[in-house]
Structures are given as structure tokens and as C-alpha cells.
Amino acid sequence: MVYVPSTSESDPEKLKTKLKTRRLVRNMYTDETLTCVDCGRQFTFTTGEQEFFASKGFTNKPSRCTDCRAARKSGRSGSGGGGGGEGYGRQREMFTATCSQCGGVAEVPFQPRGDKPVYCRDCFAQRPSYR
Ligand SMILES: [Zn+2]
Ligand SMILES: [Zn+2]
């Protein structure tokens, strides 16, 4: 596990009040600031969430903020750049085909059939309209 010390949270007063408000919670958990792999923003992995994760048996920290997690859960997040998620949720199966326009690699979410042209993302976006 890699532990990254947060350099931004060096205000002692801030930390003190934080500790005070979290006094009632079992002190094996503390709020953590994590960076979302999807949107790159920092978010707080709260003690409540940590307890929730622990109760579910998860040992990994969330790699996404609550917004992005909610977006993923609702099914439609078109991104998915370079394979980063290991076994977290299900991944949409993608098929690789040859782009009919530029001859490059086209990744499509459906099984390509020989009688239909397949376009890569770029060529598809360049098309004025699709029929
Ligand atoms: Zn995010
Ligand atoms: Zn193309």
C-alpha cells in the first residue's frame, strides 16, 4: 500500500478541530483525502465510508469521488481511457475492428459484422450524421 503524505493539510488548527469533531467515532478511522482517477479532483474518504467499506469487506480505497461513482453506478460513463479498474464493477465488453474509413483500430461496443462499416471513434465523430 502506498501512503502519500498530504502536504496541503499542514494547518494544525484545522487538524485539531477535525479531530475534535471526529472524537465520537472510533479512532481507528480518520478522514482521508483521495484523488479521483476519473475527474482528478480531490475528495474526502470519510470515516463513515471507511466503516462502510470495511463492513463490506473491501480492502481497497475508492479510486473515484462520490460523483463519479454515482455516475458509474447509473450506467453511463462514456470514458474509460486506459485500463485502470481491476475487478471494480463490471466492464463493458468491447470488440476490436478495423475502421472502414481510416483503417485504424476501432473499438465498438457491439460485435462487428462484415456487412456493416465500422468506424473508429474519431471517424465516427467526424461524420456529419449517421443513418
Ligand atoms: Zn470524480
Ligand atoms: Zn477511423
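Residues numbered from 1 in each chain as written. Chains lettered and ligands numbered in written order. Predicted model: local features only at pLDDT ≥ 70, side-chain atom pairs only at ≥ 80, totals over all residues.

Things to note about the overall build of the chain
Helix and strand content of the chain: four helices and four strands. Secondary structure elements of the chain, listed N to C terminal, follow the sequence α-β-β-α-α-β-β-α. Counting only residues that meet the buried cut, the chain has 5% of its 131 residues in that class. Relative to all contacts within the chain whose residues are 6 or more apart in sequence, the contacts with residues 24 or more apart total 21%. (Helix = DSSP H or I, 4+ residues; strand = E, 2+ residues; numbered from the N terminus. Buried ≥ 20, exposed ≤ 12 C-beta atoms within 10 Å, placed from the backbone. Contact = placed C-beta atoms within 7 Å.)

Thoughts on the environment of Phe45
By secondary structure assignment, the location of Phe45 is in strand S2 (residues 42-45). Sequence-wise, Phe45 and Leu34 are eleven residues apart; in three dimensions their C-alpha atoms are separated by 6.6 Å. Not counting chain neighbours up to four residues away, the residues in contact with Phe45 comprise Asp31, Glu32, Leu34, Gln50, Lys61 and Pro62.

Examining helix H2 (residues 47-56)
Residues spaced three or four apart along an α-helix face the same direction, because each turn holds 3.6 residues. Burial of H2 is sparse: only one of the ten residues sit out of reach of the surface. Looking one or two residues beyond H2, the residue adopting positive phi is Gly57, at roughly 85°.

Here's the deal with the pairing of S2
Judged from the four bridges that link them, strand S1 (residues 32-35) and S2 form a sheet pairing that is antiparallel. Opposite Thr35, over in S2, you have Gln42 as the bridge partner. The hairpin formed by S1 and S2 contains six residues between the paired strands, and Gly40 there has a positive phi angle of roughly 80°. (Pairing = 2+ DSSP bridges.)

Digging into the environment of Thr46
By the secondary structure assignment, Thr46 is in the loop between S2 and H2. Distance from Thr46 to Thr30, taken between C-alpha atoms, is 7.1 Å for residues 16 residues apart in sequence.

Notes on the environment of Ser63
You can see Ser63 is positioned in the loop between H2 and helix H3 (66-73). A tally of 16 C-beta atoms within 10 Å means that Ser63 is categorised as partly exposed. Separated by 28 residues in sequence, Ser63 and Thr35 place their C-alpha atoms 7.0 Å apart.

Concerning the pairing of strand S3 (residues 95-98)
Here S3 pairs with strand S4 (residues 105-108) via four bridges, running antiparallel. Its bridge partner being in S4, Ala97 is matched across the sheet by Ala106.

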